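Fold and contact review
Listed here are the chains, written in short residue letters.
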Amino acid sequence: MRHIEISSKLLRPMIHSFNRCRDLGDLVVRIWIAQVFFMSGLSKLTDWDTTLVLFKYVYSTPFMSPAFAAYLGTGVELIFPVLLVLGLGGRLFIFMFLIYNVVCVLSFHFLLTPAGTSGFDDHVLWGLLLMMLMFHGMGRFSVDYLLHKKFGHFIHSHYQKEMKLKNFINLK
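What comes next is a walk through the structure. A quick note: this is a predicted structure, and the numbers were derived from the prediction, not measured.

Structural notes on the overall build of the protein chain
The helix and strand inventory of the protein chain stands at 7 helices and 0 strands. When the helices and strands of the protein chain are listed from N to C terminus, the series reads α-α-α-α-α-α-α. Taken across its 172 residues, the protein chain has 28% of its residues classed as buried. Taking the intrachain contacts of the protein chain between residues at least 6 apart in sequence as the baseline, contacts between residues at least 24 apart amount to 72%. When the accessible surface of the protein chain is split by element, carbon and sulfur atoms take 72% of a total near 11900 Å².

Encoded structure:
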């Protein structure tokens, strides 16, 4: 039993420092993912004619016209990263970004071929990081945190009121 006490005394400061760095880690992940998608959006803007050709002949967008898909994809890649870096929009926004990442993979069939493996792996990594942020939240270095600190979390507060009401009803 003594070795457990010694181990916990040695590990406790390290775990405490990991917890203190968690929000910085969230910010670094947000900036890295945002940079990848933002640069992709800028490259689409740089040569718009090529972007339209790619959306018409290379990317599969069966539910919308290629031109609309090009505008939508470029807009998402330019707006979502800014919101991600700012930490604005919370987990729902990150979920939408994750869905966009999946749509990117499914619409570019090359990624699903042996030659596209490295690009597919990149999207999987980005998806996993977005999923981690979605489950973990934006962290303290975010506009969401500041809004939550000033105004509270409305979804959570409504949920708490509902749970208190259910507990009150169950007590009777």
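Now, onward.
Re the side chain of T61
For T61, the location among the structural elements is in the loop between α2 (48–57) and α3 (66–86). The exposure class of T61 is buried, given its relative accessible area of 19%. The contact partners of T61, leaving out residues within four places of it in the chain, are F55, P66 and A69.

Quick look at the packing of aromatic side chains
Counted under the stated rule, the structure contains 10 aromatic pairs. A ring pair is formed by F93 and F97, whose centres lie 6.0 Å apart and whose planes are at 45°; its orientation type is tilted. One end of the pair, F93, and the other, F97, are both in helix α4 (residues 90–107), 4 residues apart, so they sit about a helical turn from each other. The pair F93 / F97 is uniform in exposure class, with both members buried. Between F108 and F110 the ring centres are 5.7 Å apart and the planes differ by 40°, which places this aromatic pair in the tilted class. We classify F108 as partly exposed; its relative accessible area is 23%.

What to know about the nonpolar core
Counting 20 residues, the largest nonpolar core has I33, L84, F93, I94, F97 and L130 as the members making the most contacts within it. Elements with a minimum of two residues in this core: α1 (2–46), α3, α4 and α5 (117–136). Residue contacts for I94: discarding those within four places in its chain leaves L84, L130, L133, M134 and M138.

Observations regarding the packing of α1 against α2
The interhelical angle for the contact between α1 and α2, taken along N-to-C directions, is 105°, at an axis separation of 5 Å. Considering the angle they form, α1 stands roughly perpendicular to α2. Facing α1, whose interface residues are K44, L45 and T46, α2 presents W48, T51 and F55.

What counts as what
Residues numbered from 1 in each chain as written. Predicted model: local features only at pLDDT ≥ 70, side-chain atom pairs only at ≥ 80, totals over all residues. Heavy atoms only, no water. Helix = DSSP H or I, 4+ residues; strand = E, 2+ residues; numbered from the N terminus. Buried < 20%, exposed > 50% of the residue type's maximum accessible area, 1.4 Å probe, protein only. Contact = heavy atoms within 4.5 Å. Areas by Shrake-Rupley, 256 points an atom, 1.4 Å probe, with all protein chains shown as cover. Phe/Tyr/Trp six-rings, centres within 6.5 Å; stacked < 30°, edge-to-face > 60°. Core = buried A, V, L, I, M, F, W, Y, C linked by side-chain atoms within 4.5 Å. Axes fitted to C-alpha atoms, helices over the stretch in contact; angles between N-to-C directions. Parallel < 35°, antiparallel > 145°, perpendicular 65-115°, else oblique.

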